[in-house]
Amino acid sequence: MEKTLRGRCEAHGQGHVFRFWGTLNAEERGRLLEQLAQVEFPLMERLAREWILETPPPARFERIEPVPVLPAAVHRGEGAPEAWDAGEAALRAGKVGLFLVAGGQGTRLGFPGPKGCYPIGPLTGKTLFQYHAEKLLNLRRRFGCALPWYIMVSAANEAATRAYFAENGHFGLGAENVVFLRQRMVPCMDGAGRFMLEAPGSLAMNPNGHGGCIPAMVENGVLDDARARGVEMLSYFQVDNWAVKVADPYFIGWHALKGAEMSSKVHRKNTAREAVGVHCLCDGVYQVIEYSELDIYPQLLETDAAGNVRYFAGNPAMHILSVEFVQGVFNRFDRFPWHLARKKIPFVNDAGELVKPDTPNGCKFETFVFDALQLVRHAPVAVEIGRLGEYTPTKQFEGDNSVVASRQSMAEWWGGWFNAAGAAVPRDAGGRVAVPLEVSPLFALTRDEFVEKAAGRVWDLSRGLSVDADGNTETPAAPSA
Ligand code: UTP
């Protein structure tokens, strides 16, 4: 094993990763060999050549057009009842599975553990994983389906994620219905395309991006598992969005009615420069243009006379993927695009000392799931969503897309439900809900369900309130005098 891998490294100009071999113990040697055995050397060589040693010309499109977007469910547009019916029928027939990507490193949040274990609930301390699990349980109850849950993890967080689910009894979902799959890691490279070591016996590696779910599904037997269960489509979502409507019948229904291979939700961008990818037709091909490329295509910054962004279809990373489409993309995965990010990557120098750089010193390569949209044969479906109650990702502690913003969005979203149920919701001078609120998705998943169950109840929201699965409430303690 050592000889083969050493030879492979040398043949691809990466022999330096063995430079501390003589100082490593058996365990460290085993780890390094295990990492190297996973590396796709020809791929890494190609990426180094195309992205690091040469500068790739930016893709240039002659013609960019906005994508057609179906109206949000609240607008009850043409075809909406049929979409709801088709989605509910697919759920009842067990044709839907959930697919969660939770393999990222969560560097911006800086939480010491898998991001899904972050206690996002301001009163209950409920984690992101628990919020997702409770929604799933509610849907199961409502539609009488199994809804298997596939969770993509990476070497960075697999053990901790599995342990967390085991400690919590898989939230009552049944261990057989929660299927973990591990995505691949790829080596980080320095400015000369050389692999980096994070320790004398360990490569610096990163998960291969959320697009890594495509090979991971095939290589970990998820597609076979889905087929065996009769699952035909996967509701894809990200771990850090507490508000996501998992397996949304309206969305599933449009996907099914249109015979789509991959569908997406889109949200209206707040401003032309908002840091999100945009769904567009580029020379007739449906794709997502990244935020970092906005200046290459100035038309993406256009607004109309009323100030509305013309290319408004922001990407909240919610998709439906048909099982057979994933197989087809996997068969062509050698042509799947990669993306480079220059990052600060701690590394060991030639003296074997760990260096933590202050400025970007290396490259991480990732694939993005939305690039699969370029490979569809039938036009993809895009369905508009409102952000409140559907999209508030948690990327960092404060500021935009933060823990603080997520908790405020909980208060606003559930505040609307309490209002609809006749409760007085405390608000500040600016009209923002002024107390923390939480409602277990097991008690109610929709406003209608909440209002029905809340009938005849009196709620005291003066200090904030959490409602558990059975409708019991808890109020934060009064501040001590
Ligand atoms: P982000 O791009 O926000 O990355 O991932 P992140 O790891 O959560 O956070 P940063 O950028 O390091 O601060 C969006 C979603 O994609 C998943 C993440 O777990 C998250 O649900 N993801 C990302 C993966 O599953 N694998 C990856 O390789 C990258």
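Scroll up to find the structure this text is about.
Residues numbered from 1 in each chain as written. Predicted model: local features only at pLDDT ≥ 70, side-chain atom pairs only at ≥ 80, totals over all residues. Heavy atoms only, no water.

For the coordinates displayed, the defined rule picks out 29 salt bridges. We note a salt bridge from E2 to R6, for which the minimum N-O separation is 3.1 Å. With a gap of four residues between them, E2 and R6 both fall in helix α1 (residues 2-11), about one helical turn apart. Here R6 falls in the partly exposed class, since its relative accessible area comes to 25%. Ionic pairing is found between D224 and R227, a salt bridge with its closest N-O pair at 3.0 Å. Residue D224 and its partner R227 are both found in helix α8 (residues 222-229); the two are separated by three residues, about one turn of the helix. R227 sits in the partly exposed class, given a relative accessible area of 31%. Linked through salt bridges whose partners overlap, the residues forming this network are K245, D248, K265 and E390. (Salt bridge = Lys/Arg side-chain N within 4 Å of Asp/Glu carboxyl O. Helix = DSSP H or I, 4+ residues; strand = E, 2+ residues; numbered from the N terminus. Buried < 20%, exposed > 50% of the residue type's maximum accessible area, 1.4 Å probe, protein only.)

Our next topic: the packing of helix α4 (residues 80-92) against helix α9 (residues 249-257). For the pair α4 and α9, the least separation of the axes is 6 Å and the interaxial angle reads 95 degrees. As summarised for this structure, α4 and α9 are arranged roughly perpendicular, according to the angle between their axes. Side by side, α4 and α9 meet where A80, E82, A83, W84, A86, G87, E88, A90 and L91 of the first sit next to P249, Y250, I252, G253, W254 and L257 of the second. Taken together, the residues of the contact of α4 with α9 sort by class into 11 nonpolar, two polar and two charged. (Axes fitted to C-alpha atoms, helices over the stretch in contact; angles between N-to-C directions. Parallel < 35°, antiparallel > 145°, perpendicular 65-115°, else oblique. Contact = heavy atoms within 4.5 Å. Nonpolar A, V, L, I, M, F, W, Y, C, P; charged D, E, K, R; others polar.)

With that settled, consider the side chain of E274. Within the element layout of this structure, E274 appears in the loop between β11 (262-268) and β12 (278-282). Overall, E274 belongs to the buried group, its relative accessible area being 16%.

Take the pairing of strand β4 (residues 178-182) next. Counting buried residues along β4, four of its five residues qualify, which places the element largely inside the surrounding structure. Where strand β3 (residues 149-153) meets β4, five bridges bridge the pair, whose relative direction is parallel. Counterpart to I151 in the pairing with β4 is F180. Taken together, β3, helix α6 (residues 158-167) and β4 constitute a β-α-β crossover, and its handedness is right-handed. (Pairing = 2+ DSSP bridges. Right-handed = clockwise from strand over helix to strand, strands pointing away.)

Grouped together as the largest cluster of nonpolar side chains are 45 residues, with contacts concentrated most on L147, W149, I151 and F165. Among the elements that take part in this core, helix α5 (residues 128-143) stands out by supplying six residues, more than any other. If we ignore the near neighbours within four places in the chain, the residues touching L147 are L91, V96, L98, L136, L139, R140 and A247. Counting residues in each nonpolar core, the second largest holds 38 residues, with I214, V266, A313 and V369 among its members. (Core = buried A, V, L, I, M, F, W, Y, C linked by side-chain atoms within 4.5 Å.)

Per the counting criterion, the structure on display carries 26 aromatic pairs. An angle of 45 degrees between the planes, with centres 5.4 Å apart, marks the rings of F368 and F370 as tilted. A relative accessible area of 8% means that F370 is categorised as buried. One aromatic cluster in this structure is built from Y131, W242, W413, W414, W417, F418, F443, F450 and W459. Positioned over the ring face of F312 is R268, at 3.9 Å from the centre of the ring. (Phe/Tyr/Trp six-rings, centres within 6.5 Å; stacked < 30°, edge-to-face > 60°. Lys NZ or Arg CZ within 6 Å of the ring centre and 35° of its normal.)

This paragraph deals with the sheet that holds strand β21 (residues 437-439). If you walk across this open sheet you meet the three strands as β21-β22-β23, and the pairing is mixed. Unpaired on one side and paired on the other, β21 and β23 (473-474) mark the two borders of the sheet. Bridge analysis of β21 against strand β22 (residues 465-467) gives three bridges, and the strand direction is parallel. The residue bridging L437 from the neighbouring strand is L465, located in β22.

With that out of the way, let us pick up the environment of A420. Considering the arrangement of structural elements, one finds A420 in helix α11 (residues 403-420). The partly exposed category is assigned to A420, whose relative accessible area is 38%. Spatially, the C-alpha atoms of A420 and D85 are 26 Å apart, while their sequence positions differ by 335 residues. If sequence neighbours within four positions are ignored, A420 has contacts with R447 and V451.

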